[in-house]
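Chains, contacts and geometry: an overview
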Amino acid sequence: SVPTIAAVTNGCFRQYEFAGVLANAKHQSDGLKLVEFLMSATLQAQLPLTNFVFPAHQQLALPPLFTRFAVVPQHPVVMDYRQIGTHRSEWIREWNTIVNG
């Protein structure tokens, strides 16, 4: 059976995740190996069902279960980072009150 789930598309932010190696990193070659692994088709193919995110490799076939429930919000929230910094603690408290009762 399929669990009851929902994708909340109202009030979403578009999130991008990045990985890189700093120019003066002590272990640059190891860092590059990690980035290569993160970008590998093997790891990227696991992301849709383990993190519920779209993989960076757009040519990878998405699992049917993921495509059945994945929704890309048409109008994600765009907000100045300073506003987030100003209200972060307040919003976290409000979220915790809503979630924890």
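These numbers come from a predicted model, not from an experiment.

Quantified by volume, the largest pocket comes out at close to 1,200 Å³. If you go around the largest pocket, you meet 34 residues; those closest to its centre are Gln15, Tyr16, Phe52, Val53 and Phe54. Going through the elements one at a time, helix 1 (28-38) and helix 2 (41-44) are the ones with two or more residues in the lining of the largest pocket. Looking at the lining of the largest pocket, its residues break down into 26 nonpolar, 6 polar and 2 charged. Approximately 190 Å³ is the volume found for the second largest pocket. Along the walls of the second largest pocket sit Phe13, Met79, Ile84, Trp91, Ile92, Glu94, Trp95 and Ile98, which together make up its complete lining. Considering only residue class, the lining of the second largest pocket consists of 7 nonpolar, no polar and 1 charged.

Okay, a nonpolar patch on the surface next. Together, Trp95, Ile98 and Val99 give the surface a local cluster of nonpolar side chains, amounting to about 360 Å² of exposed area. Within the element layout of this structure, Ile98 appears in helix 5 (residues 81-100).

What counts, and where the lines are drawn
Residues numbered from 1 in each chain as written. Predicted model: local features only at pLDDT ≥ 70, side-chain atom pairs only at ≥ 80, totals over all residues. Heavy atoms only, no water. 1 Å grid on protein atoms, 1.4 Å probe; cavity = no way out; pocket = protein on both sides within 12 Å on 5 of 7 lines; lining within 4 Å. Points joined across faces, edges and corners; volume = space filled by probe spheres on them. Helix = DSSP H or I, 4+ residues; strand = E, 2+ residues; numbered from the N terminus. Nonpolar A, V, L, I, M, F, W, Y, C, P; charged D, E, K, R; others polar. Patch = residues over 30% accessible without salt bridge, like charges linked within 9 Å, V, L, I, M, F, W, Y side chains within 5 Å. Areas by Shrake-Rupley, 256 points an atom, 1.4 Å probe, with all protein chains shown as cover. Salt bridge = Lys/Arg side-chain N within 4 Å of Asp/Glu carboxyl O.

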